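Fold and geometry: a report
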Amino acid sequence: QTCALPISIAAYLVTTPLTAQTFPPVPARLPVLARKVTYDEVATRVFRKTCWHCHGEPDFERGDGGPGNSGGFGFPGRRLNLSDYASTFAGFLEQPEKSTRRTSVFAPTKDGTPYVVAAMLARQEEEAGKEPALRGMPLGLPAVPAEDVQLVETWIAQGRAR
């Protein structure tokens with residue numbers, strides 16, 4: 001006896017008309033805040049909520065610091081640890097494809113945007129159906145809200161205060 005379910009699924013796939021995929025717009029980039037922003041605020045609202053699961057302390061993330069440290073999802077590890085102020089302030093990414101090169105996550109990209117902010121903005125572009133030059137972060141997860149990107153960018157612009 002055969003099951004009608006596989007036939008029904010096949011019929012659905014063959015006969016259902018395709019519709020164009022719609023994408024949300026890229027959120028507007030917010031200006032740097034006038035108020036003081038500290039590491040603790042950035043860590044609480046952004047790093048520990050969004051980044052820490054991949055870029056964390058090895059003792060907290062299954063012994064390896066997550067895929068952002070040791071590699072995963074088909075990408076090499078970058079050895080970026082955002083679990084505390086000292087590690088975040090150091091803020092270097094290993095560049096495995098260029099084995100001896102290290103890049104600061106706070107260094108400006110070609111347009112002057114700090115690398116870590118550019119990666120968050122790139123994820124917003126990816127969700128909007130665009131293909132940015134930089135791989136967006138957080139990888140495979142919803143983009144960081146514009147207000148949280150603004151918070152990180154403000155903290156960096158103000159000198160990364162404790």
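All values derive from a computational prediction rather than experimental measurement.

Among the surface-exposed residues, Ile-9, Tyr-12, Leu-13 and Val-14 lie close enough to one another that they form a single nonpolar patch of about 480 Å² accessible area. With a relative accessible area of 72%, Val-14 lands in the exposed category.

Attention now moves to the pattern of salt bridges. Under the criterion given, the structure shown has six salt bridges. A salt bridge links Arg-123 to Glu-126; the shortest N-O distance between them is 3.0 Å. Highlighted residues: Arg-123 and Glu-126, both in helix α5 (residues 115-127), separated by three residues, approximately one helical turn. Judged by relative accessible area, which is 13%, Arg-123 ranks as buried.

With that settled, the discussion passes to the nonpolar core. Val-46, Phe-47, Val-116, Val-117, Met-120, Val-152 and Trp-155 are the most contacted members of the largest nonpolar core, which totals 23 residues. Broken down by secondary-structure element, the contributors of at least two residues to this core are α2 (39-51), α5 and α6 (146-157). Per-element accounting of this core gives the leading share, six residues, to α2.

Summarising the element assignment, Ser-104 is placed in strand β4 (residues 102-104). A polar contact is formed between the side chain of Ser-104 and the backbone nitrogen of Phe-106, at a distance of 3.0 Å. If we skip the residues at most four places from it in the chain, Ser-104 touches Gly-91, Phe-92 and Tyr-115.

This part takes up the environment of Gly-129. Tracing the chain through its elements places Gly-129 in the loop between α5 and α6. With a relative accessible area of 41%, Gly-129 lands in the partly exposed category. When the C-alpha atoms of Gly-129 and Thr-22 are compared, they prove to be 8.4 Å apart, with 107 residues separating the residues in sequence.

Parameters at a glance
Residues numbered from 1 in each chain as written. Predicted model: local features only at pLDDT ≥ 70, side-chain atom pairs only at ≥ 80, totals over all residues. Heavy atoms only, no water. Patch = residues over 30% accessible without salt bridge, like charges linked within 9 Å, V, L, I, M, F, W, Y side chains within 5 Å. Areas by Shrake-Rupley, 256 points an atom, 1.4 Å probe, with all protein chains shown as cover. Salt bridge = Lys/Arg side-chain N within 4 Å of Asp/Glu carboxyl O. Buried < 20%, exposed > 50% of the residue type's maximum accessible area, 1.4 Å probe, protein only. Helix = DSSP H or I, 4+ residues; strand = E, 2+ residues; numbered from the N terminus. Core = buried A, V, L, I, M, F, W, Y, C linked by side-chain atoms within 4.5 Å. Polar contact = N/O pair within 3.5 Å; in protein donor to acceptor, adjacent residues only side chain to side chain. Contact = heavy atoms within 4.5 Å.

These figures capture arrangement, not role.
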